[in-house]
Amino acid sequence: MRRITRGAAALAVATAAMATAGTGSAHASDRTVYGCPGGAVCIYPEGADIHMSSPTNIFYSYGAHNLSNQFGNHYVLNNQYGSANATAQLCNGYNGVDCVVTIGLNEFGVFNLTPINSIVLNQP
């Protein structure tokens, strides 16, 4: 019986280790910054203070994401993981075409999103 208990405990530890190592999930709550979850790029409401509001758009997956109904000045926060190459780009065209602004890892700023039609998350 003792051998079975030790085997079950070892299996539980191995399973937990694989679950945390797995795919490097972007949903880590300990990296939340200004309401933006770790691993994400977030857009905040028009004219809102990043310190006092929650994101209205949260993007986790790499690649281009088309935007709609985003006008005026918005905070955009790049809270991705990884190397300095984990950037976000704001693009005038849909599908990541004609990118005009690059936001570095752990950086944020206020941007006029009226001419912006897509945001691209670049994989490190």
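Draft legend 1. Representation of the side chain of His-74 within the structure. Within the element layout of this structure, His-74 appears in strand β6 (residues 73-79). A polar contact is formed between the side chain of His-74 and the backbone oxygen of Tyr-44, at a distance of 2.7 Å.

Draft legend 2. How the structure looks around the state of the cysteines. Here the structure, examined in full by the defined rule, presents two disulfides. Paired by a disulfide, Cys-36 and Cys-42 hold their sulfur atoms 2.1 Å apart. On the sign convention where negative is left-handed, the bridge of Cys-36 and Cys-42, at about 85 degrees about the S-S bond, is right-handed. Classification of Cys-36 by relative accessible area gives buried; the value is 0%. Through a disulfide, Cys-91 is tied to Cys-99; the S-S separation comes to 2.0 Å. The sign of the S-S torsion, about 70 degrees, decides the handedness of the disulfide formed by Cys-91 and Cys-99: right-handed. On the accessibility criterion, Cys-91 (0% relative accessible area) is buried.

The rules behind these values
- Residues numbered from 1 in each chain as written.
- Predicted model: local features only at pLDDT ≥ 70, side-chain atom pairs only at ≥ 80, totals over all residues.
- Heavy atoms only, no water.
- Helix = DSSP H or I, 4+ residues; strand = E, 2+ residues; numbered from the N terminus.
- Polar contact = N/O pair within 3.5 Å; in protein donor to acceptor, adjacent residues only side chain to side chain.
- Disulfide = S-S within 2.5 Å.
- Buried < 20%, exposed > 50% of the residue type's maximum accessible area, 1.4 Å probe, protein only.

By themselves these figures say nothing about function.
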